Protein chains: 2
Amino acid sequence: MSETDEQPTRRKRPSGRRTGDSGTRQAILGAARDLFAQHGYTGASMRAIAGRAGVDAGLIRHFFGDKSGLIAATLAEGTTAPDRLVAALRGDPGTAGMRLTETYFALWEAPDTGPTLAAVLRSAFTSPKAMDLLRASVGTRIQEQVIGVHGDPERAAGAALAVSHLLGVAIARYVIEAEPLATMDRADVVARVAPAVQRYLAGESGH
Amino acid sequence: MSETDEQPTRRKRPSGRRTGDSGTRQAILGAARDLFAQHGYTGASMRAIAGRAGVDAGLIRHFFGDKSGLIAATLAEGTTAPDRLVAALRGDPGTAGMRLTETYFALWEAPDTGPTLAAVLRSAFTSPKAMDLLRASVGTRIQEQVIGVHGDPERAAGAALAVSHLLGVAIARYVIEAEPLATMDRADVVARVAPAVQRYLAGESGH
DNA sequence: TGTGGAGTTCTACGTTTGTGGAAATACTTG
DNA sequence: CAAGTATTTCCACAAACGTAGAACTCCACA
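Since we're looking at a predicted model, the values are computed, not measured. (Residues numbered from 1 in each chain as written. Chains lettered and ligands numbered in written order. Predicted model: local features only at pLDDT ≥ 70, side-chain atom pairs only at ≥ 80, totals over all residues. Heavy atoms only, no water.)

## Topic: the confidence of the model for chain A
Residue and element names in this part refer to chain A. Residues with a pLDDT of 70 or more make up 87% of chain A, whose mean pLDDT is 87. Of all secondary-structure elements in chain A, the lowest mean pLDDT belongs to helix H9 (residues 140–147), at 77, while helix H2 (residues 46–53) reaches the highest, 97. Across residues 1–11 the pLDDT falls below 50, and counting only partners more than four positions away or on other chains, this stretch makes 0 contacts in the model. (pLDDT = per-residue confidence, 0-100. Helix = DSSP H or I, 4+ residues; strand = E, 2+ residues; numbered from the N terminus. Contact = heavy atoms within 4.5 Å.)

Here it is in structure tokens:
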């Protein structure tokens with residue numbers, strides 16, 4: 001009837017390998033990062049990610065196995081952030097809080113690291129891998145650097161509180177978008193938050 | 001063979017109204033609160049909620065219409081929390097930070113208010129209603145009380161930062177369960193956090 | 001006493017989801 | 001040039017989800 005057995009003029013996209021090195025793997029990771037950041041782990045469907053990357057969903061399976069493999073690879077891409085935070089702590093202890101705070105918010109607003117941070121946060125509630133990463137970022141890395149050689153466990157709590165504070169402000173500003181935090185200048189936010197972070201890192205009682 | 005057309009001895013649960021006033025509506029709200037707190041809005045399915053409440057899923061539809069109606073009713077149950085936080089701010093401004101911090105963590109650990117706070121937080125990413133509630137809690141209510149009669153907009157930022165700080169620590173302690181925050185005594189956490197909150201509320205620059 | 005409404009269960013429909021397999025095409029290596 | 005491997009598409013499946021409707025039972029009120 002309406003079907004033309006011979007030579008259908010309207011072909012679907014042909015299967016098979018494309019010519020040249022199509023940066024498909026990277027396109028998928030970029031799309032996954034953006035959609036995980038917007039809708040979280042379960043909220044971002046494989047088909048939606050594939051669609052944004054302009055490929056078929058089967059490719060995700062081919063490259064990353066299953067969905068948990070995809071988010072693992074996605075989050076592994078943006079591993080530079082924790083290192084830069086730890087690096088910010090080295091140097092004069094009297095201004096470490098300022099440097100840490102500055103670096104933290106700069107990371108959130110940089111186009112290459114910000115979406116990954118948002119992806120971790122938004123996915124944490126529904127993906128064990130993202131939750132582990134978030135727990136580690138609040139936990140070990142920074143605490144080790146603050147505790148340092150002396151190994152004062154008293155300061156671990158201070159380090160955790162400093163990071164928790166930064167996390168809370170980031171959530172309010174970038175995720176919840178609560179006013180006036182969301183529209184304040186970054187420098188203004190940093191200037192107000194840094195003293196509190198500094199006090200936590202220094203271990204002052206603060207009465 | 002195994003089917004008995006006449007007089008099936010094994011009856012399924014009979015439909016129809018139960019005798020006595022079964023607090024079913026409240027059972028559903030309790031189950032919804034717990035499951036929203038554990039798995040978030042989309043993560044908690046209607047069937048799971050109905051199952052936990054010991055009723056059929058159709059009942060949820062009967063009482064609350066659809067899923068968004070259910071979470072609206074669930075979150076409307078625990079509306080006492082914001083009021084108590086605002087109330088904690090009244091009184092001596094010099095110790096308002098301490099009272100606010102104390103009240104905040106007490107609410108998180110009280111069996112009647114804690115799960116609702118967790119439900120709001122975990123559902124915020126996938127339910128617009130929960131997100132609105134969260135935004136309002138970081139925003140308006142507390143800011144109004146802090147700004148007070150004078151209407152100093154400068155202090156709105158301080159109030160938002162104070163709440164953001166509390167939110168961040170609560171997330172780290174109760175949701176992420178990062179050490180050592182998760183296992184610290186509540187009094188210890190409060191004692192460490194309160195000074196920072198106090199400074200934000202007082203509007204000190206803090207250099 | 002009988003009639004309507006509220007509470008309650010069951011079954012089912014359409015959609016979306018993650019996953020799996022089969023086939024097609026291009027590149028690579030012998 | 002032949003064989004194998006990597007990339008890519010399509011189709012299909014089973015499960016879970018929100019929602020819908022029909023039927024059944026009990027209570028309140030006329």
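## Some points on the interface of chain B and chain A
Listed by partner, the interface residues are 38 residues for chain B and 38 residues for chain A. Taken together, both faces of the contact between chain B and chain A bury some 3200 Å²; the carbon and sulfur share is 67%. Taken as a group, B:Phe125, B:Ile176 and B:Arg192 account for 22% of the area that chain B buries against chain A, more than any other trio of residues on that side. Seen at the junction of chain B and chain A, the total is 0 salt bridges. Counting the contacts that link chain B with chain A gives 7 residue pairs in polar contact (both at pLDDT 80 or more). Taken together, the elements giving at least two residues each to the side of chain B that touches chain A come down to helix H7 (114–123), helix H8 (128–138), helix H10 (154–176) and helix H11 (186–202) of chain B. The biggest single contributor to the side of chain B that touches chain A is H10(B), with 15 residues. (Buried area = accessible area lost by both parts, 1.4 Å probe. Salt bridge = Lys/Arg side-chain N within 4 Å of Asp/Glu carboxyl O. Polar contact = N/O pair within 3.5 Å; in protein donor to acceptor, adjacent residues only side chain to side chain.)

## Here we look at the packing of helix H8 (residues 128–138) of chain A against helix H10 (residues 154–176) of chain A
Residue and element names in this part refer to chain A. Direction vectors running N to C along H8 and H10 enclose 125°, while the axes themselves pass 9 Å from each other. What the angle tells us is that H8 and H10 run oblique. For the pair H8 and H10, contact is made by Leu134, Ser137 and Val138 and by Ala160, Val163, Ser164 and Leu167, respectively. Residues of the contact of H8 with H10, tallied by class, amount to 5 nonpolar, 2 polar and no charged. (Axes fitted to C-alpha atoms, helices over the stretch in contact; angles between N-to-C directions. Parallel < 35°, antiparallel > 145°, perpendicular 65-115°, else oblique. Nonpolar A, V, L, I, M, F, W, Y, C, P; charged D, E, K, R; others polar.)

## Here's the deal with the relation of the copies chain B and chain A
Overlaying chain B with chain A gives an RMSD of 0.0 Å, the required rotation being 180° about an axis along which the chain moves by 0.0 Å. Here the two chains are linked by the operation of a two-fold rotation axis. Judged by C-alpha distance, B:Gly168 is the residue of chain B that lies nearest the rotation axis, at 1.8 Å. Looking at chain B, 100% of its interface residues are interface residues in chain A too, so the copies touch through the same face. (Least-squares fit on C-alpha atoms with pLDDT ≥ 70 in both.)

## Re the packing of aromatic side chains
Tallied over the full model, the rule gives 11 aromatic pairs over all chains. Ring centres 6.4 Å apart and planes at 45° place the aromatic pair B:Phe105 and B:Tyr174 in the tilted group. Placement of the pair is B:Phe105 in helix H6 (residues 96–109) and B:Tyr174 in helix H10, with a sequence separation of 69 residues. Note on B:Phe105: relative accessible area 0%, which makes it buried. Among the aromatic residues, those joined into a cluster by ring pairs are A:Tyr104, A:Phe105, A:Trp108 and A:Tyr174. The ring centre of B:Tyr41 lies 4.7 Å from the NZ or CZ of B:Lys67, which sits over that ring. One residue, B:Arg122, lies across the ring of A:Phe125, its end atom 5.3 Å from the ring centre. (Phe/Tyr/Trp six-rings, centres within 6.5 Å; stacked < 30°, edge-to-face > 60°. Buried < 20%, exposed > 50% of the residue type's maximum accessible area, 1.4 Å probe, protein only. Lys NZ or Arg CZ within 6 Å of the ring centre and 35° of its normal.)

## Focus: the packing of H10(A) against H10(B)
Where H10(A) meets H10(B), the axes come as close as 7 Å, and the angle between the chain directions of the two elements is 110°. It follows that H10(A) is roughly perpendicular to H10(B) by the angle criterion. Crossing handedness for the pair H10(A) and H10(B): right-handed. Residues A:Leu161, A:Ser164, A:His165, A:Leu167, A:Gly168, A:Val169, A:Ile171, A:Ala172 and A:Ile176 of H10(A) form the contact with H10(B), whose participating residues are B:Leu161, B:Ser164, B:His165, B:Leu167, B:Gly168, B:Val169, B:Ile171, B:Ala172 and B:Ile176. Across the contact of H10(A) with H10(B), the residue classes tally to 12 nonpolar, 6 polar and no charged. (Left-handed = near helix turned anticlockwise from the far one by under 90°.)

## As for the environment of B:Glu144
With respect to the helices and strands, B:Glu144 occurs in helix H9 (residues 140–147). Separated by 58 residues in sequence, B:Glu144 and B:Val86 place their C-alpha atoms 9.2 Å apart.

## Focus on the side chain of A:Gln198
All names here are of chain A. Looking at the element boundaries, Gln198 is found in helix H11 (residues 186–202). A relative accessible area of 16% places Gln198 in the buried class. Within the structure, the side chain of Gln198 is placed 3.4 Å from the backbone nitrogen of Ala96, a separation counted as a polar contact. Leaving out residues up to four positions away in the same chain, Gln198 has contacts with Pro93, Gly94, Thr95, Ala96, Gly97 and Met98.

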